[in-house]
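Residue-level structural notes
Residue strings, one per chain:
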Amino acid sequence: MKRIVVLISGGGSNLQALIDARLAEIALVVSNRADAFGLERARKAGIATLLLPLKQWLAAGGTRDGYDADVAKHVTAARPDLIVLAGWMHVFGPAFLDVAPAKVINLHPALPGQFPGARGIERAFEAYKRGEVAQTGIMVHEVIPEVDAGPVLGTAAVPIWLTDDLDALSSRMHTAEHKLLVEVVRRILSA
Ligand code: GRF
């Protein structure tokens, strides 16, 4: 079975989708936040976890590049065939990306070129209310140093409805994310 490493910062519903799909051995889950619920999901599934908070690293005198290199060291030790950023709220620079031992992919809650950075769903919903967009969507892409950009591996459009509130839209987005992420990971691992 192929091995993946998943990096998270939050609820970990996308991690859960990968756990449930049983596509690969999840060799390690890394979080940069102690309160990320995804850590609990991983522990419950018997997956090794590692907490690597940037704040603590910087407080101890470390640099951002040093942090990226440290994360890379731990990820490499898990011998992944694929590295999945699933709600990982930290932008990796070359100190991670240049030494990563496998392809690094990211899930972004917007279509290519749209709403890079945080709060993608909320910002799309606000743009919809201003009449600037008619729909939103999600993408999975290869990671480059630019935020939420890089070769696109899969997309899915998600409609926004007049009756939506942010919760309804977010829930439809997450359902689409879980499906697309599993599809893309399956495709990459079987190539
Ligand atoms: C997802 O919406 C993802 O696109 C974004 O962060 C969210 C993570 O959700 N980058 P979860 O932690 O997988 O539930």
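Coordinates for the structure precede this section.
Residues numbered from 1 in each chain as written. Predicted model: local features only at pLDDT ≥ 70, side-chain atom pairs only at ≥ 80, totals over all residues. Heavy atoms only, no water.

1. Quick look at the pattern of salt bridges
- Per the counting criterion, the structure on display carries nine salt bridges.
- Ionic pairing is found between arginine 33 and aspartate 35, a salt bridge with its closest N-O pair at 3.0 Å.
- For arginine 119, the salt bridge goes to glutamate 122, with nearest N and O atoms at 3.2 Å.
- On the basis of relative accessibility, which here comes to 45%, the residue arginine 119 falls in the partly exposed class.
- Take glutamate 122: its relative accessible area is 29%, and that puts it in the partly exposed class.
- Through salt bridges with shared partners, a single network forms among Arg119, Glu122 and Glu126. (Salt bridge = Lys/Arg side-chain N within 4 Å of Asp/Glu carboxyl O. Buried < 20%, exposed > 50% of the residue type's maximum accessible area, 1.4 Å probe, protein only.)

2. Here we look at the pairing of strand β6 (residues 135-142)
- The buried fraction of β6 is high, at six of eight residues.
- As paired strands, strand β5 (residues 103-108) and β6 are joined by four bridges and run antiparallel to one another. Paired with leucine 107 across the strands is valine 140, a residue of β6.
- Examined bridge by bridge, β6 and strand β7 (residues 152-159) share seven bridges and lie antiparallel to one another. Bridging from a neighbouring strand, glycine 137 pairs with alanine 157 of β7. (Helix = DSSP H or I, 4+ residues; strand = E, 2+ residues; numbered from the N terminus. Pairing = 2+ DSSP bridges.)

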